[in-house]
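Geometric and topological summary
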Amino acid sequence: KDDNPSCDGIFLYMPDMTASIENQLNSYILASMMATFMNLSMVIMDAPPDSNIKSSSPLGCPKYRHKTMPPVLSSLLRYPKWLSRSCPVPCKKNHGYSDWNALRKSSTDDIFE
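Structure report, in brief. Everything numeric here is computed off the predicted structure, so don't read it as measured data.

What counts as what
- Residues numbered from 1 in each chain as written.
- Predicted model: local features only at pLDDT ≥ 70, side-chain atom pairs only at ≥ 80, totals over all residues.
- Heavy atoms only, no water.
- Helix = DSSP H or I, 4+ residues; strand = E, 2+ residues; numbered from the N terminus.
- Expected span 1.5 Å × (residues − 1).
- Buried < 20%, exposed > 50% of the residue type's maximum accessible area, 1.4 Å probe, protein only.
- Arc of directions from axis to C-beta.
- Patch = residues over 30% accessible without salt bridge, like charges linked within 9 Å, V, L, I, M, F, W, Y side chains within 5 Å.
- Areas by Shrake-Rupley, 256 points an atom, 1.4 Å probe, with all protein chains shown as cover.
- Salt bridge = Lys/Arg side-chain N within 4 Å of Asp/Glu carboxyl O.

With that out of the way, let us pick up helix α1 (residues 21-37). Taking 1.5 Å as the rise per residue, α1 with 17 residues should run 24 Å; its terminal C-alpha atoms sit 24 Å apart, in good agreement. Restricting attention to buried positions, one finds in α1 the residues I21, Q24, Y28, A31, S32 and A35. Buried residues in α1, looked at end-on, bunch into an arc of 105°, giving them a common side. Along α1, the residues that are exposed and aim more than 90 degrees away from the buried face are E22, M33 and F37.

Here we take up a nonpolar patch on the surface. Residues I29, L30, M33, M34, F37 and M38 make up a contiguous nonpolar surface patch of roughly 660 Å² in combined accessible area. Examined against the element boundaries, I29 turns out to sit in helix α1.

Let us now look at the environment of M33. Within the element layout of this structure, M33 appears in helix α1. Considering only alpha carbons, one finds M33 and L83, 50 residues apart in sequence, at a separation of 9.8 Å.

A few words on unusual backbone geometry. Most of the time, phi is negative for any residue but glycine, and the peptide bond is trans. Residues other than glycine seldom take positive phi values, yet R85 does so here, at roughly 55°. Within the element layout of this structure, R85 appears in the loop between α2 (81-84) and α3 (97-111). For C91, which is not glycine, the phi dihedral falls at a positive 55°. Looking at the element boundaries, C91 is found in the loop between α2 and α3.

In structure tokens form, the structure reads like this:
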């Protein structure tokens, strides 16, 4: 556990790599506003570079990435420290991207049932 009390409440933002870059940026702005309103630290967790995610954007699709193009949304942003409060991705030692993504998908499925 991190010693930073600001890290007790984290808004984990996982960009939808299948969306266009415009939609990813719109979602980022909305997530930033939500985290700020709820007084939570917002941490971005991008898909790993070796993921097999099919994307409508060359920025999210490792297969079509060019060496000069930023690989993920967070590399396009000047991500302010005040928004993350310098908090790391939670439970990084035992929860990888696929674990958090599975949890996100199961939670979404529960909402629409």
